[in-house]
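Remarks on the overall topology
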Amino acid sequence: MNPSQLQYQIALTHLSEIGSVTAKNLVSYCGGVKEIFTTKKTTLEKIPNIGAIRANAILQSKDEALKTAEAEIKFIEKNNITPLFYTEDKFPKRLLQCADSPVLLYYKGNADLNARKIISIVGTRRTTEYGKTQCEKIIEQLSAYHPLIVSGLAFGVDITAHKAALKNNLETVGVVANGMDKMYPSQHLKYVKQMVDCGGVLTEYGFGEVANKENFPQRNRIVAGMCDALILIETAIKGGAMITAKLADSYNRDVFALPGKVGDTYSEGCNYLIKNNQAILFENADDIIKQMMWDIEQQKPSPKQALLFVDLDEQEKIIVEILQQHQQINIDDLVIKTNLSHTTIAGLLLQLELKNIIKALPGKLFKII
């Protein structure tokens, strides 16, 4: 067997004792994903946070991981599923700002996961008529700005958001806690087809993976990390939606919460976050639009003007200085020139893109605008 690069990438996610943070650390230290599988134990042990136990786990599980990856490739090719490794251009770049982001995602759909505006909407599975109505109204009001709507395909607020997005001709992506062959909940399969045609379905789990309880917090970090802002419709004081909101806040995303009547169980979470300044109170879409500054028509400045008026931190300045010396440059070359990690460089490039300083080109190339 001569494994492909994709097979190594998938196999990396199946190595024992290796999570997403450690996996990215391994790629950085070993110089590539394939090299992880060929590096000697003595070298692996010296990598920070690896040591003898994890080095042994890698060596003992790598053959089985490669076999699993081979089967996964057959499944995704048969079902027209796109694998997205974290170093690739189509991987959701906003996730690269999150240290615990996935290494690999499986995607079926046609929406741009790096759309200019991305909103995540979450809430209780037991939404009230008030919550459902407000969710539908907010999405209808936001539709003029064409955001990509992200949610978790669950009962309640999630599926209400997906359906409202489809009704308003907005692309919507469902992030699920299972493999593509084990769609949960099965009652929503009828909406999955529509979403694939107008948005997509995204997961970090391979085929055969069911929606186990422990998968949902992992799913929630993707919902929280890939957006510009997270909207919380209704939630009890404890639950997955509250966890997602707090994750979004930790990722420096704007968090909006819909207020509700004092004493209502499924408004307690929203009211708590608002009261403790952990979420922005919103009553209608205008509150969100103004906070996100979508109502301001921003004219792109020239490169020189942008560099004069945009605040850059020291690492961003280093990137800009290198780019000014080249017509265009590959992200891997930036890693070499700066001695920064691939993840750090990717996050810096995203920030510079959002500041309209640089532009991403095909082939992992970047240039000053």
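As a starting point, this report considers the structure included with it. (Residues numbered from 1 in each chain as written. Predicted model: local features only at pLDDT ≥ 70, side-chain atom pairs only at ≥ 80, totals over all residues. Heavy atoms only, no water.)

A few points about the nonpolar core
How we decide: Side-chain atoms within 4.5 Å are what join buried Ala, Val, Leu, Ile, Met, Phe, Trp, Tyr and Cys residues into a set we call a nonpolar core. A 1.4 Å probe rolled over the protein chains alone gives each residue an accessible area, and that area as a share of the maximum for its type sets the label: buried under 20%, exposed over 50%, partly exposed in between. Going along the chain from the N terminus, every DSSP run of H or I of four or more residues is numbered as a helix, and every run of E of two or more is numbered as a strand. Whether two residues are in contact is decided by their heavy atoms: any pair within 4.5 Å suffices.
Among the nonpolar cores identified, the biggest contains 94 residues, and Leu12, Ile36, Leu202 and Leu232 are the most heavily contacted of them. It is helix H5 (residues 51-78) that provides the largest number of residues to this core, a total of eight residues. Among all residues touching Leu232, those that are not within four sequence positions of it are Val122, Gly123, Ala241, Met242, Ala245, Phe256, Ala257, Leu258, Cys270, Leu273 and Phe282. By size, the runner-up hydrophobic cluster in this structure holds 23 residues, among which are Ala161, Leu170, Phe256 and Ile288.

A word on the sheet that holds strand S3 (residues 118-122)
The criterion, for reference: DSSP-based pairing: two strands are paired if at least 2 bridges between them are found. All axes here are fitted lines through C-alpha atoms, helices being fitted over the stretch that makes contact, and every angle between N-to-C directions spans 0 to 180 degrees.
Taken in spatial order, the nine strands of this open sheet run S1-S2-S6-S5-S4-S3-S7-S8-S9, and their pairing is mixed. Every other strand in the sheet has two partners, leaving strand S1 (82-85) and strand S9 (280-281) as the edge strands with one partner each. Taken together, the three bridges between strand S4 (residues 148-151) and strand S5 (residues 172-175) define a ladder with parallel strand orientation. The residue bridging Val150 from the neighbouring strand is Val173, located in S5. Strands S3, strand S7 (229-232) and strand S8 (254-257) of the sheet are contacted by helix H10 (residues 240-250), whose axis makes an angle of about 155° with S7.

A short note on the sheet that holds strand S10 (residues 329-330)
Ordered in space as S10-S12-S11, the three strands form an open sheet in which the pairing is antiparallel. Of all the strands in the sheet, the pair left with one neighbour each is S10 and strand S11 (358-361). Examined bridge by bridge, S11 and strand S12 (residues 365-368) share four bridges and lie antiparallel to one another. By the bridge assignment, Leu361 is partnered in S12 with Leu365. Most of the contacts of helix H14 (residues 314-324) go to S12, to which it runs at about 90°, and overall it touches S10, S11 and S12.

Some remarks on the environment of Gln325
Its place among the elements puts Gln325 in the loop between H14 and S10. Look at Gln325 and you get exposed, because its relative accessible area is 62%. Each C-alpha atom of the pair Gln325 and Ile368 lies 9.9 Å from the other, and the pair is 43 residues apart in sequence.

Observations concerning the packing of aromatic side chains
Basically, it comes down to this: Geometry of aromatic contacts follows a simple scheme: Phe, Tyr and Trp rings, the Trp one being its six-membered ring, pair when their centres are within 6.5 Å, and the pair is stacked under 30 degrees between planes, edge-to-face over 60, tilted otherwise.
Under the defined criterion, the tally for this structure stands at six aromatic pairs. With centroids separated by 5.0 Å and ring planes inclined at 25°, the aromatic side chains of Phe75 and Phe207 adopt a geometry described as stacked. Here Phe75, found in helix H5, pairs with Phe207, found in the loop between strand S6 (199-203) and helix H9 (215-225); they are 132 residues apart in sequence, far enough to count as distant. Residue classification places Phe75 among the buried residues on the basis of a relative accessible area of 16%. Note on Phe207: relative accessible area 36%, which makes it partly exposed.

Section: empty space enclosed by the protein
Just so we agree on the cut-off: Two kinds of site are reported from a 1 Å grid over the protein atoms alone, namely cavities, where a 1.4 Å probe fits but cannot get out, and pockets, open sets with protein on both sides within 12 Å along at least five of seven lines, and residues are called lining when an atom falls within 4 Å of a point. Grid points are joined across faces, edges and corners, and a volume is the space filled by probe spheres set on the points. Gly counts as polar in this scheme, as do all residues outside two lists: the nonpolar Ala, Val, Leu, Ile, Met, Phe, Trp, Tyr, Cys and Pro, and the charged Asp, Glu, Lys and Arg.
Under the defined criterion, the tally for this structure stands at two cavities of 30 Å³ or more. One number sums up the size of the largest cavity: a volume of about 120 Å³. In terms of residue class, the lining of the largest cavity is built from seven nonpolar, two polar and five charged. Approximately 40 Å³ is the volume attributed to the second largest cavity. Every residue along the wall of the second largest cavity is listed here: Arg125, Gly152, Leu153, Ala154, Val175, Val176, Ala177, Tyr184, Pro185, Phe216 and Arg219.

Quick look at the pairing of S5
Our working rule: With the strands aimed away from the viewer, a crossover counts as right-handed if its path from the first strand over the helix to the second runs clockwise.
Neither face of S5 is open: one carries Thr172 and Gly174, the other Val173 and Val175, and all of them are buried. Since S4 and S5 lie parallel, the crossover through helix H7 (residues 157-167) that links them has a hand, and here it is right-handed. Pairing between S5 and S6: four bridges, direction parallel. Across the sheet, Thr172 pairs through a bridge with Gly199, a residue of S6. For the handedness criterion, the β-α-β arrangement of S5, helix H8 (residues 189-197) and S6 is classed as right-handed.

Focus: H8
For clarity, the cut-off: Here the arc refers to the set of directions running from the helix axis out to each C-beta atom.
Of the residues making up H8, those classed as buried are Tyr191, Val192, Met195 and Val196. Down the axis of H8, the smallest arc covering the buried residues is 140°, so these residues share one side. For H8, the exposed residues lying more than 90 degrees away from the buried face are Lys190 and Lys193. Buried positions along H8 lie against strand S2 (104-109), H7, S5 and S6.

Some remarks on the pairing of S8
Relative to S8, S7 is paired through four bridges, and the arrangement is parallel. Of the residues in S8, the one forming a bridge with Leu232 is Ala257. With respect to chirality, the unit in which S7 leads through H10 into the neighbouring parallel S8 is right-handed. Both S8 and S9 contribute to a ladder of two bridges, which runs parallel. Across the sheet, the residue bridging to Phe256 is Ile280, located in S9.

Topic: the pattern of salt bridges
Rules: Salt bridge, as applied in this entry: a Lys or Arg side-chain nitrogen positioned within 4 Å of an Asp or Glu carboxyl oxygen.
In the structure shown here, the tally under the stated rule is seven salt bridges. Glu45 serves as the salt-bridge partner of Lys41, at 3.9 Å between the closest nitrogen and oxygen. With a gap of four residues between them, Lys41 and Glu45 both fall in helix H4 (residues 41-45), about one helical turn apart. A residue is classified by how much of its surface remains accessible, and Lys41, at 32% relative accessible area, is partly exposed. In this structure, the salt-bridge partner of Lys93 is Glu353, at a minimum N-O distance of 3.0 Å. Placement of the pair is Lys93 in the loop between S1 and S2 and Glu353 in helix H16 (residues 342-354), with a sequence separation of 260 residues. A residue is classified by how much of its surface remains accessible, and Glu353, at 22% relative accessible area, is partly exposed.

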